[in-house]
Amino acid sequence: MTMISKVRILCPHCEELIEQEILVPDPNFMAEKMKDSAAEFDDEIQCEHCDNEINIWGSNSYYELYLASEDVSEEDFYYSQPEYDFGEYETDETIEESGIQGVLSERGIKSLYHFTKIENLEAISKQGIIPRAQLKEGDYEYTDINRSDGFLDANCISISFPQYRMFFIKRIKNPLQNWVVFEISPELLSACEAAFFERNAASRIVQSEVIENRKTATAFENMFSNIDNLPKREESKIPDCYPTDPQAEVLVFDKVDKSFIVAAHFPSEDVADHYAHSLNGIPAKVTPELFENRMDHDLL
Ligand SMILES: [Zn+2]
């Protein structure tokens, strides 16, 4: 139980408004089909006014959270889509002194990644990676069709390995779609305004105070700390340059200039050959392992 949903229910007993936060389980990220990703659970909510207990049932999948109760009608049952509990970090002065560059060199971070639909290759090869809010309609195919909050003005970048779970989910939703993985120089992180999230932030709503709190070198370094409910780094033996959660991501609030793009990675020679003319000078590489699971997948 690691995500939080805000619930508002009209109590069927005392008719007062119950307002609580409940914990919900992560979707089942091992699932290879959308329908298998739903984590189902039962819970009880105790009315804070009359102590009446209400049984609820829930299901959290790649798509969305669904909650229901036999005791409460659907019209009286409100709930938010779940988010991880992003507490605020105290900044660590030592880390702040050595800054983003310090974390990059301490951890030996050599690459950042961004995946997108292959139809965007040509536009990105010319203009760089542009946050969706700054795009003119029709230029790009959006990767995250569900994004509907303040994140429209950020690009999602992952550290040292593509955000393969999100990638995987998108591929399940649309098996015929081809993708390209852009490799980006870590220098981007010093050059742009970025927020560092130790868990998946982009597909769900995160408050703006939290975004501000995540724009520090301390937040960057915390992507590599052990996280409750995930295997300890000592056990998973992931390299120092991998964030603890493979879903960790950096939101970059500026355009990623073409000069930061190091390479375009393709899953096969066939796909690379087919799109070779669209690269506008960006080196092409065939790297099927970037389209697969991260090395610690079986532990997660
Ligand atoms: Zn009540």
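Residues numbered from 1 in each chain as written. Predicted model: local features only at pLDDT ≥ 70, side-chain atom pairs only at ≥ 80, totals over all residues.

### Looking at the overall build of the protein
Defined as follows: Counting from the N terminus, the helices are DSSP H or I runs at least four residues long and the strands are E runs at least two residues long. For every residue, the other C-beta atoms within 10 Å of its own C-beta are counted; 20 or more classify it as buried, 12 or fewer as exposed, and values in between as partly exposed. C-beta atoms are placed from the backbone.
Across its full length, the protein holds eight helices and 14 strands. Burial status across the protein gives 33% buried among its 300 residues.

### Quick notes on helix α1 (residues 93-107)
Our working definition: Take the residue count of a helix, subtract one, and multiply by 1.5 Å to get its expected span. Throughout, the bend at a residue refers to the angle made by two axes, fitted to the seven residues ending there and to the seven starting there. Residues are treated as contacting if the C-beta atoms built from their backbones sit within 7 Å of each other.
For α1, spanning 15 residues, the distance from its first C-alpha to its last is only 18 Å, which falls clearly below the expected 21 Å at 1.5 Å a residue. The principal kink in α1, of about 95 degrees, is found at glycine 99. Among the residues making up α1, those that are buried are Ile100, Val103, Leu104 and Arg107. On the buried face of α1, the contacting elements are α4 (188-191) and α6 (217-222). At the C-terminal side of α1, glycine 108 shows a positive phi close to 65 degrees.

### Details of the sheet that holds strand β11 (residues 194-197)
In plain terms, the rule: What makes two strands pair is DSSP finding at least two bridges between them. The axes used here are C-alpha line fits, helices contributing only the stretch in contact, and every angle between their N-to-C directions lies in the interval 0 to 180 degrees.
In space, the seven strands of this open sheet follow the order β11-β12-β9-β8-β10-β13-β14, with mixed pairing throughout. The two strands at the open ends of the sheet, each matched to only one other strand, are β11 and β14 (284-286). Each adjacent strand pair in this sheet contributes to an overall mean axis angle of 30 degrees, direction not counted. For strand β8 (residues 112-117) and strand β10 (residues 179-184), the ladder comprises six bridges, and the chain directions are antiparallel. Its bridge partner lying in β10, phenylalanine 115 is registered against valine 181.

### Side note on the nonpolar core
Heads up, the condition is: We define the nonpolar core as any set of buried residues of the types Ala, Val, Leu, Ile, Met, Phe, Trp, Tyr and Cys, connected via C-beta atoms lying within 7 Å of each other.
Core analysis: the biggest nonpolar cluster contains 50 residues, and Phe182, Ile184, Phe196, Val250, Leu251 and Val252 have the highest contact counts within it. If you tally residues by element for this core, the top one is β10, at five residues. Apart from the residues within four sequence positions on either side, phenylalanine 196 is in contact with Arg214, Ala219, Phe220, Met223 and Val250. Among the nonpolar cores identified, the runner-up in size contains twelve residues, and Met3, Cys11, Val24 and Tyr84 belong to it.

### A look at the environment of isoleucine 22
With respect to the helices and strands, isoleucine 22 occurs in strand β2 (residues 17-24). Of the residues examined, isoleucine 22 has 19 C-beta atoms within 10 Å and is grouped as partly exposed. C-alpha separation for the pair isoleucine 22 and threonine 2, spaced 20 residues apart in sequence, amounts to 9.9 Å. Discounting chain neighbours no more than four positions away, the residues touching isoleucine 22 are Ser5, Val7, Asp43 and Ile45.

### Topic: the pairing of β11
Side chains Ala194 and Phe196 project from β11 onto one buried face, and the interleaved Ala195 and Phe197 project onto a second face that is buried too. Across four bridges, the pairing between β11 and strand β12 (residues 249-252) is antiparallel. Each residue of the ladder has a partner; that of alanine 194, found in β12, is valine 252.

### Some details on the sheet that holds strand β5 (residues 65-68)
If you trace the three strands from one edge of the open sheet to the other, you get β3-β4-β5, paired in antiparallel fashion. Both edges of this open sheet fall to β3 (39-46) and β5, since each of them pairs with a single strand only. Ignoring which end each strand starts from, the neighbouring axes of this sheet average 25 degrees apart. Inspection of the sheet shows strand β4 (residues 53-60) paired to β5 by four bridges, in the antiparallel sense. From the neighbouring strand, asparagine 60 faces β5, where its bridge partner is leucine 65.

### Notes on the pairing of β5
A one-sided burial pattern is seen for β5, the buried positions being Leu65 and Leu67 and the unburied ones Tyr66 and Ala68. Where β4 folds back on β5, the antiparallel hairpin that results is connected by four residues.

### Structural notes on the environment of phenylalanine 86
Structurally, the position occupied by phenylalanine 86 is in the loop between β7 (83-84) and α1. Remark: the alpha-carbon pair of phenylalanine 86 and alanine 201, spanning 115 residues in sequence, is separated by 9.0 Å.

### A word on the environment of tyrosine 62
Checked against the element boundaries, tyrosine 62 lands in the loop between β4 and β5. When the 22 C-beta atoms within 10 Å are taken as the criterion, tyrosine 62 is described as buried.

### Some details on the confidence of the model for the protein
Rules: Values of pLDDT, ranging from 0 to 100, describe the predictor's confidence in every residue of the model.
Scored by pLDDT, the protein has a mean of 87; 90% of the residues are at 70 or more. The low-confidence segment residues 142-152 (pLDDT under 50) makes 15 contacts with residues lying over four places distant or belonging to another chain.

### What about unusual backbone geometry?
The backbone phi angle of aspartate 51 is positive, close to 70 degrees, even though this residue is not glycine. Residue position: aspartate 51 is located in the loop between β3 and β4. Phi is positive for asparagine 280, close to 50 degrees, though the residue is something other than glycine. Residue asparagine 280 is classed as partly exposed on the basis of its C-beta count, with 15 C-beta atoms lying within 10 Å.

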